[in-house]
Every structure is written in structure tokens, then in C-alpha cells.
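# Fold and contact review
Spelled out, the chains give:
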Amino acid sequence: MNIWRYGDDINTDMLFPGKYTYTCSTLNEIKPHLFEDLDPEFAAGVQTGDIIFAGKNFGCGSSREQPALGLRGAGIEAVIAISFARIFYRAAINQGLLLIECPDAVMAYQPEDNVTLQLEAGTISVGNQKFSFPTLPDEILAIRDAGGLLEYTREKLKLR
Amino acid sequence: MPRTFAEKILAHHAELEHVVPGQIVTVKPAHLMMHDNAAAIIGKINDDLARYGLIDSKLPIIVLDHVVPAVDEKTATNHQKIRAFVKKYKVRHFFDAGVGICHQVVMEQGLALPGTIVLGSDSHTCTYGALGVFATGIDRTEAAALLLTGETWLKVPQSIHITLKNKFQPGVTAKDLILTIIGDLRADGANYCSVEFHGDIHVLPIEDRFTIANMAIEMGAKNAAFPIDILAEKYLASIGVRKEQYSTFWADNGATYQQHLEYDLASLTPVVAKPHTVDNVAPVKAVAGTEIDQCVLGTCTNGRLSDIQLAAKIIAGKTVSPHVRLLVIPASRAVLNAAMQAGYIQTLSEAGAMILPPGCGPCLGAHMGILAPGERCLSTSNRNFRGRMGCKDAEIYLASPATVAASAITGKITDPRSVK
Ligand code: SF4
């Protein structure tokens, strides 16, 4: 498992350049361009179960959802950041990508630290420290539990 | 209890007496705005649409604007898919390539009605806050679900109260104001917030408010909001919207805000956002003389008649520097026609500008004005992220139409107040 570490204000063009917005929409098309201009090693090295640590305002910029879709599809277990930009936060919920706002964990992380998530308990272990993060509201958990917004919507529509 | 604009309008639409920031409410937006990305959105739910149908043919607004006319087979095919969807589901509000940029078209066509909620699969949907709409951007998956259900959840935001005082000095514009605010608050300074403008709003022409609301997302805001005053009423009347068609909401005195800010418009000067973030703001003075290769006048931020008029006035009788490509992209066909009628297009073209068809132009780096490595562009658009105009080794500076026009003449970043 890898830990990827990025700074503040990682915008949607860094996550996935806007020039591909209308030519890439499937996972296979998106993945090679993730972090393309910022970190060319990411797309080649990312593995299932990897975690991203980032600073504040991760995902700012466009409403394009390839970043959230691409990160989930590339196997990212969670993005742990000081804060997230709003549209990205929403897109991640809708895609079932786990975002955790936990500034203390981000600050504590040192290269080589072991990182594990205890989702139920709402805690993250970083090296030998443990941090808690707020759990999500029920309305939003229901979307995640269904596997994403479209799945959730389909379940609702079936009941109509 | 006194309430903010956001609290009032969301409580109304959620049919609740009272809502508080952080609360999740279910709402039915009046419209869902989509552009070229509608192809990807409907692609997600083809089977579901066949089974359940489109919830309401009046809900979607689709405007083809991002890559128009189509640049290659793939974009052409996307447009074709969208036209087929429009036909099959009798989508009421469809605007094909050439009508204009989505946000401009939604407002011009009277589809952004004060007091309504409008969601859009585009981050600059917040522009409609200039007309007292609760408007915010959502992702494609959410747009797809909305086409099926017509409803979604919103978190009630905290609000930021910004008081504007006095009026601009000559050469200073609404773009300089919003860039200054973003420079102060930074890219995440209004994250999740409703940014509500108070004070001497009456000095701001409606197009200035569009520019300001448009860029609220660049400091992370969920939405922006202006009150409906006489100027807004006049604008709405001018596009054929009757008073009975809308209702207005505005903040109560004494509502609770996350923070209060105040700006004296008379004390502002022309500014730019330097590469590669919108909050990297500096006075034009500090970068004056920086050589540029391309100027862009247009986009949903500054492609309206008053912007083109301002640029034409500065450029009239002069010529564009031979070292600069000046691209002029009217925000809509209506703007283009009015600018032709008024002679601005003639003035700009004679001075050496290239006039491009209404649409997003090079703003998102897909076509028509892509930069080369090492090139520098001065643009009236709203984002200068690395790679935004298609090349990661190019630089984008953001500025007002006045600064862009003055700089197009000299070939260097130039304070518009220095042009005689
Ligand atoms: S002009 Fe630029 S910012 Fe505005 S909608 Fe088009 S691509 Fe987006």
C-alpha cells in the first residue's frame, strides 16, 4: 500500500486536466491522467488500498467528476485532508469515494508511518497516534451504503 | 429570529419553518442546467430513462457552449447524442451551439428567476445569485439522479456578509473587486458558504453583479447572493420577465454570519491574479510591463455587452500590438448582435482583434486559442490553474476587461488608468 502526500489547494485541473473533460469519461480513460501535471508517478504507481494525504481545500475548482470517479476507480481507500472543496466533497459522496476531514492526522503524518483506518469507530491510526474524525450524517451515509447516488436513486425509484 | 438569505430561501423550498446551518434539507430545484456534459450525464442513465422517463421536460436546461462548433468527431458525436435526447424527451429549454455560454443564456432567457433554486452541472452556476437565485454547482452523477427524481439534498450553508461602500474610480471594475476579495479570503475562504452582498448595491449595474457572483466559487463558496432592487427588476423586465413570475428573499437585519467584511469600492485599484491560482492577487502596478502573447476578452465572467463596450472604448482608434493575439468572444449571440449594432465589434476587429463565435472559447483549454509552452495569456476569465488553457507550461493572468484591453494595445500588462 502507498501513501501519497500532496499540499494545499490541489485543484481539479491538477487532479485531472480540464482539456480531457470531453474525451475521457470511463475509468480506463481517466486513470492515466490523474495528477498528470502534478505527479506523473501517481497514475503508474497507484494501487488498491492506497491513501492520499492532502492539505486544505482539496478538489477546488471545476464540478467535473472525473477526479472523484478516477480516484475511487484507481482504488484509493480514502483521501484524508485538512479540508475539502464543496463540489468535490459532494461528488465524492455521490461516487462512494471516502473523504475524511482530519487536520490532526494530516499534520501528524511522517513518511514511513503506518496508516490504518477504523471506519466504524471513526478513527485513523498514524504511526503510534490515533485520531478521531466526525461521522457522516444519516442522509449521506444512506447514499454511501447504497454504493453511490445512482444506486441509491434506483432503489428509491423501484419503491415508487 | 433574524435569518440569512440562504436560511430563508432554503427553509421556504424545504417547506420548513426554520433551518439552521449544517442541516440537510430536501429540495426540488426549478431547473437543472447542463452543457456539453449532458452527453455524459444521460449516458449514465440511459436504461433508467427508458424505464422511468425524464421527471419533467421543463426541469433541464441544456446549452451547448463548451466546445462549439465541435472540434472533432468525439465532441460532434456528444452534441449529436444531446440533440437526440432533447428530441426524444421533448426537453423544453435547449439552446444549440452559437446561442451562448450556458450561464449567460440561462439569465438572458429569463430562466434564472429570483427566489428559485437552480442547480447546474457546472461550478459557475453560482452566477445566478446575482438575480437572487439560490444557485450552486453539482457533479454529473447528481445531475443524472436529478433527471430521474427532480429532487436532491442540500446542506444549509453558513453565510458571509460583505458590505460594499461607495463606487469605483474610473478604470476599476467589478472584476477588480471580486479578485481583491478572493485574494483576501483565499481559495477556500468561503468554503461551503453563502456569500451575501449588502450595502451600496445600487451603484453596481446588473452585469457587474453577474461578474462578482460568477467568481464566488473561486473562494469555495456554495452560492452568492444579491438582493433584488430596482436595477434587477429593470433587467428582468427588459428580458420579458414579469414581476408575478418571481418572489424575492433577502436577509433580515441582525442575522448570524460566519464573518463580516467591508469593501470601499472607491479605494480599490486594478488587480490581476497571477499564475497559477486565482487567489494569487497583485496590483496591476506590481506586474506592469510583463510581456504577453495572448489576450482573451470573454467567458461567463466578462463576455457581456458592458465588458465589450469598455474594451472597445479603450482600444478605439488604436491598434492591437503585433506581438499579441486578442481574442474577443461575446458571451452570447444576443451580446454579439448588440455589440455589432453599437459598433464595438467593428472597432475591435479594425484594431486587430479576432472575433470568435459565442461560447467558452479557450477558457477550459479544449480548443480555439490553446497556448504554447512558455506563452503568457492575460484573460478576463475566472481560472488560471496550471494547464487550464491546454498547456501546463503556459501562464495565465486574470484581469478586468479594461486591463486586458489596455494591455492588448501595448503588448505588456498595463494599468488601464494609464491609457490616454
Ligand atoms: S466560459 Fe469558462 S468558466 Fe465559464 S462556463 Fe465556459 S468553460 Fe466554464
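Since we're looking at a predicted model, the values are computed, not measured.

Helix and strand counts for chain A come out as eight helices and seven strands. Relative to its length of 160 residues, chain A is compact, with a C-alpha radius of gyration of 16 Å against a globular reference of 15 Å. Taking the principal axes of the C-alpha coordinates as reference, chain A spans close to 50 × 35 × 25 Å. Taken over 160 residues, chain A has a buried fraction of 57%. Taking all contacts inside chain A whose residues are at least 6 apart in sequence as the whole, residues at least 24 apart take part in 62%. Surface summary for chain A: the accessible area is close to 6700 Å², and the carbon and sulfur share equals 49%. Each charge class in chain A can be summarised by its mean position, and for the 14 positive and 21 negative side chains these summaries are 8 Å apart.

Here we take up helix α8 (residues 149-158) of chain A. Taken residue by residue, α8(A) has A:Leu149, A:Leu150, A:Thr153 and A:Leu157 as its buried positions. Buried residues of α8(A), viewed axially, fall in a sector of 95°; they line one side. Turning to α8(A), the residues buried within the fold contact α5 (86-95) and α7 (138-146) of chain A together with α2 (38-44), α3 (46-52) and α6 (140-149) of chain B.

Applying the stated criterion across every chain, the model contains 14 aromatic pairs over all chains. Ring centres of A:Tyr89 and B:Tyr192 lie 6.2 Å apart, and the angle between their planes is 90°; on these two criteria the pair is classed as edge-to-face. Placement of A:Tyr89 in helix α5 and of B:Tyr192 in the loop between α7 (174-185) and β9 (194-199) is noted, with the two residues assigned to different chains. Given a relative accessible area of 23%, B:Tyr192 falls into the partly exposed group.

This part is about the environment of B:Tyr52. Within the secondary structure, B:Tyr52 sits in helix α3. The spatial distance from the C-alpha of B:Tyr52 to the C-alpha of B:Leu327 is 45 Å, given a sequence separation of 275 residues.

As a further point, take the site of the ligand. Residues and elements named next belong to chain B. Near the ligand the following residues occur: His-66, Ile-101, His-103, His-124, Thr-299, Cys-300, Cys-360, Cys-363, Asn-382 and Arg-388. By residue class, the composition of the shell around the ligand is four nonpolar, five polar and one charged. When residues of the shell around the ligand are sorted by domain, at least three fall in each of domain 1 (5-263) and domain 2 (271-418).

Any region with low pLDDT has predicted coordinates that should not be read closely. Looking at chain B, pLDDT values average 97 and 100% of them are 70 or higher. We note a pTM of 0.92 for the whole complex and an ipTM of 0.87 for its interfaces.

Let us look at α6(B). Residue and element names in this part refer to chain B. Counting buried positions over the ten residues of α6 gives ten, a clear majority of the element. Listing the buried residues of α6 in full gives Arg-140, Thr-141, Glu-142, Ala-143, Ala-144, Ala-145, Leu-146, Leu-147, Leu-148 and Thr-149. Residue Asp-139 occupies the N-cap position of α6, its side-chain oxygen lying 3.1 Å from the main-chain nitrogen of Thr-141. Among the residues trailing α6, Gly-150 stands out with phi positive, at a value near 75°.

All names here are of chain B. On domain assignment, one finds that chain B holds domain 1 (5-263) and domain 2 (271-418). The straight-line distance from the C-alpha centre of domain 1 to that of domain 2 is 24 Å. Together, the buried faces of domain 1 and domain 2 total about 2900 Å²; carbon and sulfur atoms form 58% of this surface. When residues of domain 1 are sorted by the area they lose upon contact with domain 2, Ile-101, Lys-175 and Leu-179 head the list and together hold 20% of the total. Seen at the junction of domain 1 and domain 2, the total is two salt bridges. Summed over the shared surface of domain 1 and domain 2, the number is 19 residue pairs in polar contact (both at pLDDT 80 or more). Of all the secondary-structure elements, those providing two or more residues to the side of domain 1 that touches domain 2 are α5 (102-108), α7 and α8 (206-214). Top contributing element to the side of domain 1 that touches domain 2 by residue count: α7, with six residues. Taken together, the residues that form the side of domain 1 that touches domain 2 break down as 15 nonpolar, 13 polar and seven charged.

About the cut-offs
- Numbers given for residues are sequential positions, taken from 1 along each chain in its written order.
- Lettering for chains starts from A, numbering for ligands starts from 1, and both go in the order in which the items are written.
- Two thresholds apply to this predicted model, a pLDDT of at least 70 for residue-level local features and 80 or more for giving and counting side-chain atom pairs, whereas whole-chain, interface and lining totals are computed over all residues.
- Excluding hydrogens and water, the side-chain values take into account all heavy atoms of the structure.
- Put simply, DSSP marks the helices as runs of H or I at least four residues long and the strands as runs of E at least two long, and each gets a number from the N terminus on.
- Radius of gyration: over C-alpha atoms. The globule rule applied is 2.2 Å multiplied by the number of residues raised to the 0.38 power.
- Think of it in three bands: with a 1.4 Å probe and only protein chains considered, a residue is buried below 20% of the maximum accessible area for its type, exposed above 50%, and partly exposed in between.
- Note on contacts: a residue pair qualifies if any of its non-hydrogen atoms lie within 4.5 Å across the two residues.
- Accessible areas in this description were obtained via Shrake-Rupley with a 1.4 Å probe; residue shielding takes into account the shown protein chains only.
- For the purpose of charge, His is not counted, nor are the chain termini; Lys and Arg are scored as positive and Asp and Glu as negative.
- In plain terms, the charge of a residue is placed at NZ if it is Lys, CZ if Arg, CG if Asp and CD if Glu.
- The directions from the helix axis to the C-beta atoms are what the arc is built from.
- Centre distance within 6.5 Å is the pairing criterion for rings of Phe, Tyr and Trp, where only the six-membered ring of Trp is used; planes under 30 degrees apart are then read as stacked, over 60 as edge-to-face, and the remainder as tilted.
- For each residue, the test is whether any non-hydrogen atom lies within 4 Å of the molecule or strand; if one does, the residue is near.
- Gly counts as polar in this scheme, as do all residues outside two lists: the nonpolar Ala, Val, Leu, Ile, Met, Phe, Trp, Tyr, Cys and Pro, and the charged Asp, Glu, Lys and Arg.
- As used throughout, domain bounds are those supplied by an automatic or database domain assignment.
- A residue's pLDDT is simply how confident the predictor is in it, with values from 0 to 100.
- Whenever a nitrogen or oxygen atom comes within 3.5 Å of another N or O atom, the pair is scored as a polar contact, on the condition that within protein one atom can donate a hydrogen and the other can accept it, and that pairs from neighbouring residues in sequence are kept only if both atoms are in side chains.
- Joining two parts hides part of their accessible area as seen by a 1.4 Å probe, and the buried area is that hidden amount summed over both.
- In the sections that follow, a salt bridge refers to a side-chain nitrogen of Lys or Arg positioned within 4 Å of a carboxyl oxygen of Asp or Glu.

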